[in-house]
Amino acid sequence: IKTYRQACRLAWKLRRVTGLTKRSLAEQAGLYASHVTDYFSINEARRELPAKHVAQVEKILGNTVISQWLAWQADLTVLEELRAERKRA
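Residues numbered from 1 in each chain as written. Predicted model: local features only at pLDDT ≥ 70, side-chain atom pairs only at ≥ 80, totals over all residues. Heavy atoms only, no water.

Draft legend 1. The arrangement of the packing of aromatic side chains in detail. Inspection of every chain in the model, using the stated rule, returns 2 aromatic pairs. Relative to Trp-69, the ring of Tyr-4 has its centre 6.1 Å away and its plane inclined at 50°; by these criteria the two rings are tilted. Here Tyr-4, found in helix H1 (residues 4-13), pairs with Trp-69, found in helix H5 (residues 65-73); they are 65 residues apart in sequence, far enough to count as distant. We note that Tyr-4, like Trp-69, is buried. Aromatic side chains Trp-12 and Phe-40 sit 5.3 Å apart centroid to centroid with 35° between the ring planes, which places their arrangement in the tilted category. A residue pair is termed long-range when its members are at least 10 positions apart, and Trp-12 in helix H1 and Phe-40 in the loop between helix H3 (33-39) and helix H4 (54-61) qualify at 28 residues. Above the plane of the ring of Trp-12 lies Arg-15, whose end atom (NZ or CZ) is 4.0 Å from the centre. (Phe/Tyr/Trp six-rings, centres within 6.5 Å; stacked < 30°, edge-to-face > 60°. Helix = DSSP H or I, 4+ residues; strand = E, 2+ residues; numbered from the N terminus. Buried < 20%, exposed > 50% of the residue type's maximum accessible area, 1.4 Å probe, protein only. Lys NZ or Arg CZ within 6 Å of the ring centre and 35° of its normal.)

Draft legend 2. The nonpolar core, seen in detail. Ranked by internal contacts, the top residues of the largest apolar core, which has 21 residues, are Leu-25, Phe-40, Leu-49 and Leu-61. Elements that contribute at least two residues to this core include exactly H1, helix H2 (22-29), H3, H4 and H5. Ranked by residues supplied to this core, first place goes to H1 with 5 residues. (Core = buried A, V, L, I, M, F, W, Y, C linked by side-chain atoms within 4.5 Å.)

Draft legend 3. Up close: H5. Turning to H5, its buried residues number three or more, namely Val-65, Ile-66 and Trp-69. End-on, the buried residues of H5 take up no more than an arc of 100°, which puts them together on one face. Of the surrounding elements, those touching the buried residues of H5 are H1 and H4. Remark: Asp-75 follows H5 within two positions and exhibits a positive phi of approximately 55°. (Arc of directions from axis to C-beta. Contact = heavy atoms within 4.5 Å.)

Draft legend 4. Local environment of the packing of H1 against H5. Put simply, H1 and H5 touch, their axes get as near as 8 Å, and they point 150° apart. With respect to H5, the element H1 is oriented roughly antiparallel. Pair H1 / H5 crosses with right-handed handedness. Listed contacts from H5 to Tyr-4, Ala-7, Cys-8, Leu-10 and Ala-11 of H1 are Val-65, Ile-66, Trp-69 and Leu-70. Taken together, the residues that form the contact of H1 with H5 break down as 9 nonpolar, no polar and no charged. (Axes fitted to C-alpha atoms, helices over the stretch in contact; angles between N-to-C directions. Parallel < 35°, antiparallel > 145°, perpendicular 65-115°, else oblique. Left-handed = near helix turned anticlockwise from the far one by under 90°. Nonpolar A, V, L, I, M, F, W, Y, C, P; charged D, E, K, R; others polar.)

The following block contains the structure:
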């Protein structure tokens, strides 16, 4: 997975509820259906899923692929975060 869009598309592909439609996801997440179609489009020119909606979308999809990709891009691991937190305390 090299791009944010690819992470979003993989999250969609691995959704827990296989019968979930993009329209249903939009309704459950309080998003516009046409926007949700863009978020998971193969077309790089389409709008991307805004960060403020990632947690809700992942909750509905039943996976954390997008968050994991974002953490990987930041070279952030759980262990690094715990170490940093201990240093701050």
